[in-house]
Amino acid sequence: MKQDYYTFHDMDDEEIEIRLLLEAIRLKYGYDFSGYSKVHIKRRILRRLSLSDYKSVLDMLPQVLRDRAFFESLLTEFSINVTEMFRDPSFYKAFRRDVVPVLKTYPFIRIWHAGCSTGEEVYSMAILLKEEGLYDRAQIYATDFNETVLQKAKEGIYPIHTVKDYTHNYQLAGGEASFADYYLADYDSVILDQSLRKRIIFADHNLVTDGVFGEMNVVICRNVLIYFGKELQNRVIGLFYDSLCHGGFLCLGSKESLKFTSRAEHFQSFAENEKIFRKRFGV
Amino acid sequence: MGYEAVVIGTSTGGMNALKKILIQLPHDFPMPIMIVQHLSPHSDNYLVKYLENLCRISVVEAEEKEKAAAGVAYIAPPNYHLMVDHEGCLQLSIDEKVNYARPAIDVLFETAADVYKDRLIGVLLTGANSDGSKGMCRIKEKGGVTIVQDPETAEADAMPRAALKAAVMDYRLSLDEIGKKIIELAGEGNVK
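**Quick notes on the sheet that holds strand β7 (residues 216–221) of chain A**
Residue and element names in this part refer to chain A.
Here is step 1: With respect to topology, seven strands assemble into an open sheet ordered β6-β2-β1-β7-β8-β10-β9, the strand pairing being mixed. Lying at the two open borders of the sheet, with one neighbouring strand each, are β6 (200–204) and β9 (267–271). Strand-to-strand, the axes of this sheet are offset by a mean angle of 25 degrees, without reference to chain direction.
Here is step 2: Both strand β2 (residues 138–144) and β6 contribute to a ladder of five bridges, which runs parallel. When the sheet's bridge partners are listed, Ile 140 is paired in β6 with Ile 200.
Here is step 3: Strand contacts of helix α7 (residues 147–155): β2 and β6, with the helix running at about 165 degrees to β6, the strand carrying the most contacts.

**A look at the interface of chain B and chain A**
Reports often express the size of an interface as the amount of accessible area lost when the parts come together.
Here is step 1: With 28 residues of chain B at the contact, the number on the chain A side is 29 residues.
Here is step 2: Buried surface at the junction of chain B and chain A, both sides included, amounts to about 2500 Å², of which 50% is carbon and sulfur.
Here is step 3: If you sort the residues of chain B by the area they bury against chain A, Lys 65, His 86 and Ile 94 of chain B come out on top, with a joint share of 26%.
Here is step 4: Where chain B meets chain A, there are nine salt bridges.
Here is step 5: The closest approach of N and O atoms between Glu 110 of chain B and Arg 43 of chain A, which form a salt bridge, is 3.2 Å.
Here is step 6: If you look at where chain B meets chain A, you find 15 residue pairs in polar contact (both at pLDDT 80 or more).
Here is step 7: Every element with two or more residues in the side of chain B that touches chain A is listed here: β5 (81–84), β6 (90–93) and α3 (105–116) of chain B.
Here is step 8: Sort the elements by how many residues they give to the side of chain B that touches chain A and α3 of chain B lands first, with four residues.
Here is step 9: In the side of chain B that touches chain A, the residues fall into eight nonpolar, five polar and 15 charged.

**Observations concerning a nonpolar patch on the surface**
Residue and element names in this part refer to chain A.
Here is step 1: A contiguous nonpolar patch, built from Ile 16, Leu 20 and Leu 58 and spanning about 240 Å² of accessible area, is present on the exposed surface.
Here is step 2: Here Ile 16 lies in helix α1 (residues 13–29).
Here is step 3: What makes Ile 16 partly exposed here is its relative accessible area of 37%.

**A closer look at the nonpolar core**
Here is step 1: Ranked by size, the top nonpolar core spans 80 residues in total, and within it Phe 33, Trp 112 and Leu 207 of chain A together with Met 34 of chain B carry the most contacts.
Here is step 2: By residue number, the principal contributor to this core is α3 of chain B, which donates seven residues.
Here is step 3: When we break this core down by domain, the ones giving at least three residues each are domain 1 (8–78) and domain 2 (89–279) of chain A.
Here is step 4: When near neighbours in sequence (up to four residues on either side) are disregarded, Leu 207 of chain A contacts Trp 112, Ala 114, Cys 221, Val 224, Phe 228, Arg 235, Val 236, Leu 239 and Phe 240 of chain A.
Here is step 5: If you look at the next biggest cluster of nonpolar residues, it comprises 46 residues, including Met 85, Phe 91, Tyr 135 and Phe 249 of chain A.

**Let's talk about the packing of aromatic side chains**
Residues and elements named next belong to chain A.
Here is step 1: Taken as a whole, this structure holds 24 aromatic pairs over all chains when the rule is applied.
Here is step 2: Taking the centre distance of 5.6 Å and the plane angle of 55 degrees together, the rings of Phe 179 and Tyr 183 count as tilted.
Here is step 3: Residue Phe 179 is classed as buried on the basis of its relative accessible area, which comes to 3%.
Here is step 4: An aromatic cluster of at least three residues, connected via ring pairs, comprises Tyr 29, Tyr 31, Phe 33, Tyr 36, Phe 71, Phe 78, Phe 145 and Phe 228.
Here is step 5: In this arrangement the basic side chain of Arg 222 is found over the ring face of Phe 91, its NZ or CZ atom lying 4.1 Å from the centre.

Each value, and the rule that gives it
Residues numbered from 1 in each chain as written. Chains lettered and ligands numbered in written order. Predicted model: local features only at pLDDT ≥ 70, side-chain atom pairs only at ≥ 80, totals over all residues. Heavy atoms only, no water. Pairing = 2+ DSSP bridges. Helix = DSSP H or I, 4+ residues; strand = E, 2+ residues; numbered from the N terminus. Axes fitted to C-alpha atoms, helices over the stretch in contact; angles between N-to-C directions. Contact = heavy atoms within 4.5 Å. Buried area = accessible area lost by both parts, 1.4 Å probe. Salt bridge = Lys/Arg side-chain N within 4 Å of Asp/Glu carboxyl O. Polar contact = N/O pair within 3.5 Å; in protein donor to acceptor, adjacent residues only side chain to side chain. Nonpolar A, V, L, I, M, F, W, Y, C, P; charged D, E, K, R; others polar. Patch = residues over 30% accessible without salt bridge, like charges linked within 9 Å, V, L, I, M, F, W, Y side chains within 5 Å. Areas by Shrake-Rupley, 256 points an atom, 1.4 Å probe, with all protein chains shown as cover. Buried < 20%, exposed > 50% of the residue type's maximum accessible area, 1.4 Å probe, protein only. Core = buried A, V, L, I, M, F, W, Y, C linked by side-chain atoms within 4.5 Å. Domains from an automatic or database assignment. Phe/Tyr/Trp six-rings, centres within 6.5 Å; stacked < 30°, edge-to-face > 60°. Lys NZ or Arg CZ within 6 Å of the ring centre and 35° of its normal.

This is the structure in structure tokens:
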């Protein structure tokens, strides 16, 4: 067996139980979380445990194996579900100011939004492209490994209490119209304008196990890599590199960087503060 | 075996308290220091610049997957939790708020306690809420040393009081004494 940084005496029961649980999930359901950041995955599992009546991770294991619905609730814990429309408005502002002029020179634009969660940031990009007159020649592929969040993303229905913050973000992001133009309020929810979905394809894709999306002009993957261990980070950045056309843009979360990865020299910084990178020509 | 890391948590009044402690540390302080100061999600890195200018140790904003180095204080960025992994690398997360806070002190303290166990120094300072209490208990449970600012000397006493109520802490000190105590503990077992 491959040795990792856990030394024999250093692993407490909880860590052993977490490893058993992840191995059971891999064997039973085919999801491999071994490349995720261990500290992250531990926190998520312990959080799910605290919401259950179980006393230990080991106690939870039989139900994870035998009850698919319970497993799926755990899976939802593992994905990143903290998102909002125009999250980090300054990113969208920089994208509009610096990336859009380049995209305008292309006849057709292909964008891959990896780890799209419940879709708020995908629709934000759709709104931005629409306002820039680019939406009709764009194709957005929005992917996530979690079917539950993808379903929500497809619906494009969000709680009404979020609208105030989203409107504020939209304005900070340089929005040109009124945010209210893009949704209908319906009791406790807002339903996003259906036309925003026209150029979006939502699809199941797992960054851990699945392959490239070819010839993308833009790859957006924000606040996903921070949950991965270094090896998996390197694999996924390689995947993005192979998916991008030359000069294609890679957009990461505002505290993510390529600095500690093996691909740093394959990209050049384009908008440094906003973590927008460009695939280097001819590496 | 000596101590390997210091974690510090603070909220209201933290800027001044951090200054008073960090300013005492020598540039060759033998451990990394990881800090959570509650901040507004939209704040800039003024705190980092302010402390970096005043201190002999280096003060930076914590970066994702960076290996924590001795003599450097890492401050959690606004709107991200700061954690540390088994290789001593820093990790950020946008997970839900804990104790209404992101960054949350408990998140840093709990992960650091798991990694450094009895080789960790936990310090909880002034603050107007009860974040950090669970984390201090975890550090104590794992054999680390716990230092709480004496509530009588704190700009906001709720946070140190909550920790003192949650468990018996090793030291209850003023800010000046905390700096000295950290240096003293750092010297123990680190003398070659």
